[in-house]
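# Coordinates in review
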Amino acid sequence: ELLVVSSPMTRTLQTTFGVLEPLLLLTQEQQEPNEAITVLAHEMIRETVNYNCDRRRSTSELKRAFPMVDFSMVTSEEDYIWNSYK
């Protein structure tokens, strides 16, 4: 089994799936998820928080956009890290 840890930022998750797409699918023809690979979003490995583009979407939005990602390590619905820099 393989664990891929990613920032919960949309652009990072998009890159994760763009780069790893051949590994994340068992076969390109069937488009079935490879259950041997887990993608885990983790709040503490995210990028810097300097600009509005560094703000993450709500967890519920991210779950809808990336249903194959485990968001169990993202414990806050809203971006508390961004809010602490306001």
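No experiment lies behind these values; they were computed from the predicted model shown.

## Quick word on the packing of aromatic side chains
Evaluated as defined, the whole model comprises 1 aromatic pair. Their ring planes at 20 degrees and their centres at 6.2 Å tell us that Phe-17 and Phe-66 sit as a pair that is stacked. Of this pair, Phe-17 sits in helix α1 (residues 10-24) while Phe-66 sits in the loop between α2 (59-65) and β3 (69-73), and the two are 49 residues apart along the sequence. Residues Phe-17 and Phe-66 agree in their burial class; the two are buried.

## Some points on the pattern of salt bridges
Enumeration over the complete set of coordinates arrives at 2 salt bridges. One salt bridge in this structure joins Glu-43 and Arg-56, with 3.1 Å as the shortest N-O distance. Of this pair, Glu-43 sits in the loop between β2 (37-42) and α2 while Arg-56 sits in the loop between β2 and α2, placing them 13 residues apart in sequence. The same class applies to Glu-43 as to Arg-56, namely buried. Here Arg-57 ties to Glu-61 by a salt bridge, and the two come within 3.9 Å at their closest N and O atoms. Take Arg-57: its relative accessible area is 31%, and that puts it in the partly exposed class.

About the cut-offs
- Counting of residues starts from 1 at the beginning of each chain's written sequence and follows it residue by residue.
- For this predicted model, a pLDDT threshold of at least 70 governs which residues receive local features, and a threshold of 80 or more governs which side-chain atom pairs are given and counted, while totals over whole chains, interfaces and linings are taken from all residues.
- Calculated side-chain values reflect all of the structure's heavy atoms, with hydrogen atoms and water omitted.
- The pairing test for Phe, Tyr and Trp rings, Trp by its six-membered ring, is centres within 6.5 Å, and the orientation test on the planes gives stacked under 30 degrees, edge-to-face over 60, and tilted for anything in between.
- Think of it this way: any DSSP run of H or I at least four residues long counts as a helix, any run of E at least two long counts as a strand, and we number them from the N terminus.
- Partly exposed residues are those whose accessible area sits between 20% and 50% of the maximum for their type, while under 20% is buried and over 50% is exposed, using a 1.4 Å probe and protein chains only.
- For salt bridges, the criterion is a side-chain nitrogen of Lys or Arg within 4 Å of an Asp or Glu carboxyl oxygen.

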